[in-house]
Amino acid sequence: MKFTLSWLKEHLETDSSLDEIADKLTMIGLEVERVEDKARELAPFTVARVISAEKHPNADKLKVCMVETGDGQPVQVVCGAPNARAGMMAVFARPGTHIPGTGLDLKVGAIRGVESHGMLVSAREMGISDDHQGIIELPANAPLGKPFAAIAGLDDPVLDVAVTPNRADCLGVHGIARDLSATQLGKLKDDTVKPIKGEFPCPVAVKIEEPSLCPAFALRLVRGVKNGPSPEWLQRRLRAIGLRPINALVDITNLVTFDRARPLHVFDAAKVKGGLVVRRAKKGETLLALDGRSYEFDTDMCVIADENGVESLSGIMGGEASGCSEATTDVLIESALWNPANIAQTGRKLGISSDARFRFERGVDPAFTVPGLEFATKLVLELCGGKPSEIVLAGAIPDGGRVIDFPLAEARRLAGLETKVGEIKRVLTALGFIVAGSGETVKVAAPSWRGDVEGKADLVEEIVRILGLERVPLTPFERGENGLRPVLTALQRRTRAAKRALAASGLVEAVTWSFISKKQAELFGGGGPELALANPIATDLSDMRPSLVPGLALALQRNADRGYPDIALFEVGQIFTGDRPQDQLVAATAMRRGAAKASGAGRHWSGLGAVDVFDAKADALTTLAACGMAIDKLQIIAGGPSYLHPGRSGAIQLGPKIVLAVFGELHPATLEALGIEGPLAVSEVILDRIPAAKTKASKAKAALVLSPFQPVLRDFAFLVDRGVAAAEIIHAAKGADKNLVAAVDVFDLYEGKEIEAGKKSIAIAVTLQPREKTLTDAEIDTVAGKIVEEVKKRTGAVLRA
Amino acid sequence: MADFKKLEAELLAAITAAEDDTRLETIRVAALGKKGSISELLKTLGTMTPEERKQEGPMINGLRDRVSEAITQKRDTLKRAATAERLVADKVDVTLPLRASALLRGHIHPVSQVIDEITAIFADMGFSIAEGPDIETDFYNFTALNFPAGHPAREMHDTFFFNPKPDGERKLLRTHTSPVQIRTMESVKPPIRVITPGRTYRCDSDQTHTPMFHQVEGLVIDKTSHLGHLKWILEEFCKAFFEVPSVKMRFRPSFFPFTEPSLEVDIQCDRRGGEIRFGEGNDWLEILGCGMVHPNVLRNCKLDPNEYQGFAWGMGIDRIAMLKYGMPDLRPFFEADVRWLEHYGFRPLDFPTLAGGLSE
């Protein structure tokens, strides 16, 4: 919402400066986004007289001028403008002045050997227009030495206020002035509109077919007007706020819109046939609107029609056919009330923004419907002449007047603000509220223009914002009974632990979009209709991600394309298996590319190859361990989801049903579908699936039991079918004597020459931990025999000679 | 006599000349072994008369001791030489560069770090962390938060929608973390003190907007908390978060459908020289919105606004991260460019705490 300072002062008597007014506006909730003060910007540019203009001795196109600036001795200025001549009045800038058009600060200098002590400027050099034909020429009576801005009418600062959606009343200068007057920064002038007596009945009938969309519609004819360009003051005012003057009748409607937040419409009465009907549009009806575009309507939209058809789109924009031109002699002035939600919906559907829509969808003052029409009539009569008809009012102005029971202590309860009763009454009254009663609870009636005020809290806001938030004292907030208690949930703790553990494993945390392309979503088990956005911002950001893998894989490829092929990234974030809250899970996904192994990335003198399934497995187990999972309780099952290499992937499970994680190398077909290159090793842990730790009564750990007997290590090498999983051999060895076998590790694996085809050699180290006495050689041999036997029975492995 | 001297001289010469342990052992066996030359001499002592023994004994024993000592010394010499030789052979180039350790390569994203910082500060004030789903219903994202249907305030949210279901329900991506306020008030009996960090979405994209971003909101509901407490909490937070001894804040009235009164908060800063410093300067920078929870919102959560009251605030996590750590642009937060992540990211073990300081 833009307006000029002089415009504001038509409504507000004040001695306050521009800065004071702007600051106050911001501090009462009318945030000033910009102040354009040409008078200040152009202050160094003053009126001067050119006494003489002689040809420059060393340049044909330059002149050496003597310039009288109004303070003392004439100064010498070198000027290249073709229109510089003796006797003219011009605009002068001293050395040191910043020239907006060139961006430079003016210096005393010699131009082709002749000193120049300033500059005679063009409009472009001052940054006020594109005109650079020559220097500005002022009338002969321009006051010497005075600022140029004042003479040019550029000295009226423009304020641009961001009006919040609840303050429809401040979409007019008058409303802004009222708010300022409540702060005692100035006095609101009496702007009461006097009714204008009609000289004849309005000949055009109005019928409202749809009162829910149009509660009231006031209309008046003014006959015998002379339309044409509006007067200079009005044109200048509209231009200052960025509007284009059209003609007096149209300019008047714009003025009332911005002065009183009351949009109006004017019809050329000669072009209206029959009475006006306010009704729903018929499907497919169209209108060529005043913006030159044609709109097609549906039956939810409200229009004003006559016998010719639709003439205006209610509350948003008039039609070209019945619009006022310089030829208009009889004008119909409309002031109506519209359904805000309907206006908003229609404007959105049709994509029309207008100053009228902006106000009607926020809610105009219903009580000002007829006064607004009277105000416009007054201006029409003043600027265009003519004879007014009586006003015809269809429908009825709705009763406003919400009355609120307001306990005076409410400002202290909600805002912590100590106030005097008198202050509260003064503020509310200044804002147009009526306060009645004298007890601890008073009755407050809201003015018709404050449709946003519903209850006590709104009144507290009015009081606090006008008295100033700085009056609310800082009040320490006690820590309360939650102090010192842990505040994170188990899932939150795991999320943090997973991030730190993966970063500590050399991976870099990324945050990627929650949405991916449909094709990618489908590739990773998603892409269902309930997770597809209806209005995606781009086609590759259309579906909620079922996995973090595609986002990270593509990110790694982008890094590789930039010259960083050996990178490890991770993300801990949400994935979506459906659209219900419980379908959203937290995944911790780690992905390594190229040679980005945990022990180091890239080629190195110490050797190391490409990332593989075991790097992925290590990341998954690291994450699970960091989240408090006991690793020895987990099963590793060969094979993973279809996007992973079937022979180089696995799942980490807790029992047969709970899949905590998957890991592996990406399937070649996945790489191809994503258009990326590997090798890529990935693990994805679903943090929600990790079971909660049992809460224990005591934090004390179980007692440490140490065996006094030395552990014994025995090695076994087995020859076994290639397809037998190492886990089976380990499991068998552990099961051979659960009391004695404390650990089993694989320390050698061999396939190839010297081994029969289809077989592999696998060597395990078994740790025996005696608990009651030192083992004899015979006892050790017995256990060893049991281990060999058990492994053979379970896996068909034979001990190598 | 002369024989002894000659034998000793021969043996000592041989010991000195021995070039390795094997040769030395041969010499030792030849002299001091069972049948060694000195051992043989020692055997003769038994056959001597006491007088002879008294004279010969010390000479033979002396011979034995001196030869034995010479062998021991020679053995040490040879060992030292061998060690010295091996040390020369073992030499490596210690200037060879190592791989960066995992702790040096890994980095935490600024968003995670800042969430941890915010959590540390508010946990100390007795706040819990609440979370909610990204996919929300119209009720939780708008209606319960007092956005009237069709109101321009709704339109300003640039909402991402899902396709309507057969029953007409249309889910959406939450445009703010405020739905978590509703979910919390529905499920927790006051007093309530929570902060709600999370991802939020708006279909908007330019230099300063991304379709996905992070917000954190705070909510306090009890029977006494008012704007004075809110101002205090936010000022304490800003001092702790920006790690400055004092900040100057400005509270301006504003409008949000879900709070009444509503405020926006500016923080004073100095923007000269291309970086922002808080606690000094003459510029105001808007950092958050807040207010007293709107009575309609309380009613929507079945709380009586005459009995319960409280406040809420919300701010952009990415934005305050940018302000604190100086990232000039929002978009790279989500581009996963490892150069950016390594530059602006944090070390894995730099866990923000109030005890140790939020940042180094």
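Just so it is clear, the structure is predicted and the values come from calculations on it, not from any experiment.

Looking only at helices and strands, one finds 20 helices and 44 strands in chain A. Taking 28 Å as the expected radius of gyration for a compact globule of 801 residues, we find that chain A reaches 42 Å, considerably beyond that expectation. If you line up chain A on its principal axes, its C-alpha atoms span 125 × 80 × 60 Å. Looking at chain A residue by residue over its 801 residues, the buried ones come to 44%.

When the parts come together, some accessible area is lost, and that loss is often what is quoted as the size of the interface. Across the contact, 78 residues belong to chain A and 70 residues belong to chain B. Looking at the side of chain A that touches chain B residue by residue, the class counts come to 40 nonpolar, 23 polar and 15 charged.

Residues and elements named next belong to chain B. The set of residues buried in helix α12 (residues 317–325) consists of I317, D318, R319, I320, A321 and M322. Tucked into the core, α12 has its buried residues touching α6 (110–124), β4 (192–201), β5 (212–222), α10 (227–242), β9 (283–293) and β10 (309–316). One or two steps after α12, the chain reaches G326, where phi turns positive at roughly 80 degrees.

Okay, the environment of A:E461 next. Mapped onto the elements of the fold, A:E461 is located in helix α13 (residues 456–467). Each C-alpha atom, one on A:E461 and one on A:I28, is 10.0 Å from the other, the two residues being 433 residues apart in sequence. Apart from residues lying up to four places away in sequence, A:E461 is in contact with B:P253, B:E260 and B:P261.

Residue and element names in this part refer to chain B. With their axes 10 Å apart at the nearest point, helix α2 (residues 21–32) and helix α4 (residues 50–90) run at an angle of 170 degrees to one another. By the angle between their directions, the pair α2 and α4 is classed as roughly antiparallel. Contacts from D21, L24, R28, A31 and L32 in α2 reach R64, V67, S68, I71, K74, R75 and L78 in α4. Residue classes in the contact of α2 with α4 are distributed as six nonpolar, one polar and five charged.

Right, let's talk about the environment of B:T208 for a bit. Residue and element names in this part refer to chain B. Relative to the helices and strands, T208 resides in the loop between β4 and β5. Residue classification places T208 among the exposed residues on the basis of 11 C-beta atoms within 10 Å. Each C-alpha atom, one on T208 and one on V338, is 21 Å from the other, the two residues being 130 residues apart in sequence.

Residues and elements named next belong to chain B. Over its 15 residues, α6 extends 21 Å from the first C-alpha to the last, a length consistent with the 21 Å expected when each residue adds 1.5 Å. Within α6, twelve of the 15 residues are buried, leaving the element largely enclosed by the surrounding structure. Buried within α6 are the following residues: P110, S112, Q113, V114, I115, D116, E117, I118, T119, I121, F122 and A123. G126 sits one or two residues past α6 and shows a positive phi near 90 degrees.

Below, the discussion takes up the pairing of strand β29 (residues 441–445) of chain A. Residues and elements named next belong to chain A. Here five bridges tie strand β27 (residues 403–407) to β29, and the two strands are oriented antiparallel to one another. Residue pairing across strands places D405 opposite K443, the latter belonging to β29. Sheet topology note: the strand β28 (residues 434–436)/β29 ladder contains three bridges and is antiparallel. Residue pairing for β29: V435 is matched across the bridge by V444.

What follows is about the domain arrangement of chain B. When cut into domains, chain B gives domain 1 (2–90) and domain 2 (107–344). Taking only C-alpha atoms, the centre of domain 1 of chain B and the centre of domain 2 of chain B are 92 Å apart.

The next thing to look at is the sheet that holds strand β42 (residues 741–750) of chain A. Residue and element names in this part refer to chain A. Spatial strand order, β42-β43-β41-β44: four strands in an open sheet with antiparallel pairing. For this open sheet the edge positions go to β42 and β44 (798–799), each flanked by a neighbour on one side alone. Looking at chain direction, strand β41 (residues 712–721) and strand β43 (residues 759–768) are connected through ten bridges and run antiparallel. Among the inter-strand pairings, D715 is bridged to a residue of β43, identified as A765. The sheet contacts of helix α19 (residues 726–736) involve β41, β42 and β43, and relative to β42 the element is tilted by about 145 degrees. This element, helix α20 (residues 777–795), spans β41, β43 and β44 of the sheet and lies at about 25 degrees to β41.

Rules used throughout
- Residues numbered from 1 in each chain as written.
- Chains lettered and ligands numbered in written order.
- Predicted model: local features only at pLDDT ≥ 70, side-chain atom pairs only at ≥ 80, totals over all residues.
- Helix = DSSP H or I, 4+ residues; strand = E, 2+ residues; numbered from the N terminus.
- Rg over C-alpha atoms; globule rule 2.2 N^0.38 Å.
- Buried ≥ 20, exposed ≤ 12 C-beta atoms within 10 Å, placed from the backbone.
- Contact = placed C-beta atoms within 7 Å.
- Nonpolar A, V, L, I, M, F, W, Y, C, P; charged D, E, K, R; others polar.
- Axes fitted to C-alpha atoms, helices over the stretch in contact; angles between N-to-C directions.
- Parallel < 35°, antiparallel > 145°, perpendicular 65-115°, else oblique.
- Expected span 1.5 Å × (residues − 1).
- Pairing = 2+ DSSP bridges.
- Domains from an automatic or database assignment.

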